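Here is what each chain is made of, one letter per residue.
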Amino acid sequence: MTTISNAPVPASKSARRIPYVSHALLIFLSFLAVFPIYWMIITSLRPASEIYSPSPIPSEITLDHYIRAWTAIPLGRMMLNTVVTAMSQTFFQLLTSILAAYAFAAWSFRGRSVLYALLALTWLVPFQAIMIPNYILLTQMGWRDTLWGLIVPNIGSAFAILLLFQSFKSFPQDLMDAARIDGASNWGILWRVIFPNLRASVASLGVLLFISSWNDYFWPLLVTSRPENSTVQIGLQAFMSSDMNLWGPLMAAATIASLPVLLVYLLLQRQVIDSFVKSGLR
Amino acid sequence: MAEMQGDLRLNSKTLAVEAPKARRRAARKPLLVVIQPYLYLLPAILAIGIWIYRPLLQTIELSFFEWNMLPTAPRTFVGLRNYAQLFSLPDMGRAFANTIVYMLGILPLSVLIPMIIAIVTNDIGRRARTIYRAMIFLPMIIAPVVVAVVWRWIFHPTNGILNTMLELTNLIQNPLRFFSDANLAIWVIIFITGWKLIGFSTLIFSAALSNINRDYIEAAQIDGASRIQIIRFILVPLLSPTILFMIMLTLLFASQWTFAYINVLTQGGPLNATTNIYFLLWNYGFRTFSVGWSSAAATVFFIGFSVIALLFIKLSNRLAFYDN
């Protein structure tokens, strides 16, 4: 008998062989996935004298590269910009999406399907098809090289609205009706009935939005021209181009730039994977 | 898991519009009640209208003009000239050909190999699966710039670990110049893009697989089907919605996924070997300030990709075998 599927069929334990081929494949894939990240961290911790060493473990661990990176580029400032940008974007995207998803879930109104279709279609609009007019508008508003320019244009997310609408739609109508009979307003139903019950989906969407926003490259590239006004992604690129051979400090900067996302991943890895897989792609 | 695949299917049909719930109340409602839904929608609609649809329309408008983005410079109406010249614009032929190479090069890494891995490794135990999942998914959450910087270090011609290892094991005599060799560079970018996607894609296929009703497989086994036959005649057809979805994503987004690596690592070089259509649009827009060219090309590619998406959604609705 081949064991093609792992579905919960109570197979007798003795009939189960160890799937060596699967383990070998997955170990290879895991190595491929993890090695570059390991190599980044380990390079950043090596003493400068062994920076080119192929040894997987350094003879001693030092934070020298971190200190150099921190003084070579305004890393603190860029991290702060990124934290503020990513947190604000996430907060506002969640807020605007909760309101919009509620409107779609609770009412039928004129233009509903057109608006929904327009939201769904944004998925097809590539950044490169809208960058020039957005650049012009940013310049006119005086928002280039500012946090406003990084945050305000990204307070809405069609993707978040569509995803939340899926959860809102499946919310039991009875509970909403019961609250309405008790005299709750629409606003009250949203925040006191629906929101507390769907907090888990909102939170995992929030994590996903935070990671996308933290990792975003296109928008900050358009808005900012100076690293100190930009996010850490752009700063990292500038650092790389400025001095090709500072591999230790560069890997230290890359590690710092990844740290928040890696921490979120370590803590919430299951939720992160599930929400990414669910959402198709981001 | 069941939920996952459900959402995935919904996602593959993002264009399908949900039918409004029929809950029309009696006519004559106070104004506030009538405009209420719009008030809830307003912030999101404004943001998306101003920063996505307004610029999209303006790009289409700008495609009929010649302009260098300076506010003081005149915008000259040139009619369809930008479109007529589209494929004779500098570097466009190369960028277009490379874009096809990128799409076809990424497909095995985002669809074929992940599907095979998902099928082959479907017999892995639950606990081991969780650990592997956490590891192979890791590249997906790492920022593209970080990915580019790290691979630049690993692929470094003289000091990178890859060349060092290849030389130590005598596989090569001279270091490979991954980013400056015109024959190699595009494949390195494809590899990096695939590296970021492969684990994610494998998990998508595994989620889809775990959702397949085991009765089909057992029935086939009883009928004496071989493992290959089960894969060929049961699993692959049942996976076809996911396969189509992943192919569509790859074709649509290959150029966007690779853009970051091109911009950080090669700037389109050496000798335009790694440029693609979106990198070219970026260059037209912000290097040579040919707003008309960039806009006309953007409009054509937007329409082209929309048509591809539409075809895939149609195909997916017609061909897909739904396990029910």
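Thresholds, definitions, all that
- Residues numbered from 1 in each chain as written.
- Chains lettered and ligands numbered in written order.
- Predicted model: local features only at pLDDT ≥ 70, side-chain atom pairs only at ≥ 80, totals over all residues.
- Heavy atoms only, no water.
- Helix = DSSP H or I, 4+ residues; strand = E, 2+ residues; numbered from the N terminus.
- Buried < 20%, exposed > 50% of the residue type's maximum accessible area, 1.4 Å probe, protein only.
- Contact = heavy atoms within 4.5 Å.
- Areas by Shrake-Rupley, 256 points an atom, 1.4 Å probe, with all protein chains shown as cover.
- Rg over C-alpha atoms; globule rule 2.2 N^0.38 Å.
- Lys, Arg positive; Asp, Glu negative; His and termini not counted.
- Charge placed at Lys NZ, Arg CZ, Asp CG, Glu CD.
- Salt bridge = Lys/Arg side-chain N within 4 Å of Asp/Glu carboxyl O.
- Polar contact = N/O pair within 3.5 Å; in protein donor to acceptor, adjacent residues only side chain to side chain.
- Nonpolar A, V, L, I, M, F, W, Y, C, P; charged D, E, K, R; others polar.
- Axes fitted to C-alpha atoms, helices over the stretch in contact; angles between N-to-C directions.
- Parallel < 35°, antiparallel > 145°, perpendicular 65-115°, else oblique.
- Left-handed = near helix turned anticlockwise from the far one by under 90°.
- Domains from an automatic or database assignment.
- Buried area = accessible area lost by both parts, 1.4 Å probe.
- Patch = residues over 30% accessible without salt bridge, like charges linked within 9 Å, V, L, I, M, F, W, Y side chains within 5 Å.
- Phe/Tyr/Trp six-rings, centres within 6.5 Å; stacked < 30°, edge-to-face > 60°.
- Lys NZ or Arg CZ within 6 Å of the ring centre and 35° of its normal.

On to the overall build of chain B, then. Scanning chain B from terminus to terminus reveals twelve helices and two strands. Secondary structure elements in chain B, listed N-terminal to C-terminal, are α-α-β-β-α-α-α-α-α-α-α-α-α-α. Of all 324 residues assigned to chain B, the portion counted as buried reaches 58%. Within chain B, contacts between residues separated by at least 24 positions form 69% of all contacts whose residues are at least 6 apart in sequence. As displayed, chain B has an accessible area near 14,600 Å², and 66% of this comes from carbon and sulfur atoms.

The helix and strand tally for chain A stands at 13 helices and zero strands. Ordered by position from N to C terminus, the α and β elements of chain A give α-α-α-α-α-α-α-α-α-α-α-α-α. For chain A, the C-alpha radius of gyration of 24 Å lies well beyond 19 Å, the compact-globule estimate for 282 residues. Over its C-alpha atoms, taken along the principal directions, chain A stretches across nearly 75 × 70 × 35 Å. A total of 282 residues make up chain A; the buried ones form 57% of that total. Residue pairs at least 24 apart in sequence account for 68% of intrachain contacts in chain A once pairs closer than 6 positions are excluded. Roughly 12,400 Å² of accessible area belongs to chain A as shown, and the carbon and sulfur atoms make up 66% of that amount. Distance between charge centres in chain A, computed from 17 positive and 11 negative side chains, equals 11 Å.

Let's shift gears to the interface of chain A and chain B. Size of an interface, as often reported, equals the accessible area lost when the parts are brought together. On the side of chain B, 114 residues touch chain A, which itself brings 119 residues to the contact. The tally of links from chain A across to chain B stands at one salt bridge. Between Arg133 of chain B and Asp274 of chain A there is a salt bridge; the shortest N-O distance is 3.1 Å. Counting every contact that joins chain A to chain B gives 15 residue pairs in polar contact (both at pLDDT 80 or more). Within the side of chain A that touches chain B, the residues separate by chemical class into 83 nonpolar, 27 polar and nine charged.

Here we come to the packing of helix α6 (residues 144-154) of chain B against helix α8 (residues 185-210) of chain B. The relative placement of two packed helices is expressed as an angle between their axes plus a distance between the axes. Residue and element names in this part refer to chain B. In contact at an axis separation of 11 Å, α6 and α8 are set at 125° when each is read in the N-to-C sense. Accordingly, the angle class assigned to the pair α6 and α8 is oblique. As α6 packs across α8, the resulting crossing turns out to be right-handed. Contacts between α6 and α8 pair Pro144, Val147 and Trp151 from the former with Phe191, Ile192, Trp195 and Lys196 from the latter. Split into classes, the residues belonging to the contact of α6 with α8 amount to six nonpolar, no polar and one charged.

Counted according to the given criterion, the structure contains six salt bridges over all chains. Among the ionic pairs, Glu228 of chain A bridges to Arg226 of chain A, the shortest N-O distance being 2.9 Å. By relative accessible area, Arg226 of chain A is classed as partly exposed at 45%. Where Arg214 of chain B meets Glu218 of chain B, a salt bridge forms, and the shortest distance between an N and an O atom there is 3.3 Å. Placement of the pair is Arg214 of chain B and Glu218 of chain B together in helix α9 (residues 214-222), with a separation of four residues, close to one helical turn. The exposure class of Arg214 of chain B is buried, given its relative accessible area of 14%. One network of salt bridges, in which partners are shared, links Arg270 and Asp274 of chain A together with Arg133 of chain B.

A few words on the domain arrangement of chain A. Residues and elements named next belong to chain A. As far as domains go, chain A holds domain 1 (16-50) and domain 2 (64-281). One C-alpha centre belongs to domain 1, the other to domain 2, and the line joining them spans 30 Å. Facing the eight residues of domain 1 at the interface are nine residues of domain 2. Across the domain 1 to domain 2 interface the summed buried area is about 630 Å²; carbon plus sulfur atoms make up 75%. When the area that domain 1 buries against domain 2 is broken down by residue, the three leading residues are Met40, Thr43 and Ser44, summing to 71%. Here domain 1 is connected to domain 2 by zero salt bridges. Our count for the contact surface shared by domain 1 and domain 2 stands at two residue pairs in polar contact (both at pLDDT 80 or more). Here the side of domain 1 that touches domain 2 is built from residues that sort into five nonpolar, two polar and one charged.

All right, on to a nonpolar patch on the surface then. Residue and element names in this part refer to chain B. Side chains of Leu31, Leu32, Val34, Ile35, Tyr38, Leu39, Leu42, Leu46 and Ile50 sit close together on the surface and give an oily, nonpolar patch of about 790 Å² of accessible area. On the secondary structure map, Val34 appears in helix α2 (residues 31-62). Judged by its relative accessible area of 39%, Val34 falls in the partly exposed class.

Inspection of the entire model under this criterion finds 43 aromatic pairs over all chains. With a centroid separation of 6.1 Å and an interplanar angle of 35°, the aromatic rings of Phe104 of chain A and Phe109 of chain A are classed as tilted. A single burial state applies to Phe104 of chain A and to Phe109 of chain A, both of which are buried. Where Trp282 of chain B meets Phe286 of chain B, the ring centres are 4.7 Å apart and the plane angle is 50°; that geometry is what we call tilted. Pair noted here: Trp282 of chain B and Phe286 of chain B are both in helix α11 (residues 277-286), with a separation of four residues, about one helical turn. Both residues of the pair, Trp282 of chain B and Phe286 of chain B, count as buried. Through pairs of rings, three or more aromatic residues link up here, namely Phe127, Tyr135, Tyr217 and Phe218 of chain A together with Phe259, Phe279, Trp282 and Phe286 of chain B. One residue, Arg46 of chain A, lies across the ring of Trp39 of chain A, its end atom 5.0 Å from the ring centre. The ring of Trp67 of chain B is capped by Arg75 of chain B, whose NZ or CZ atom sits 4.2 Å from the centre of that ring.

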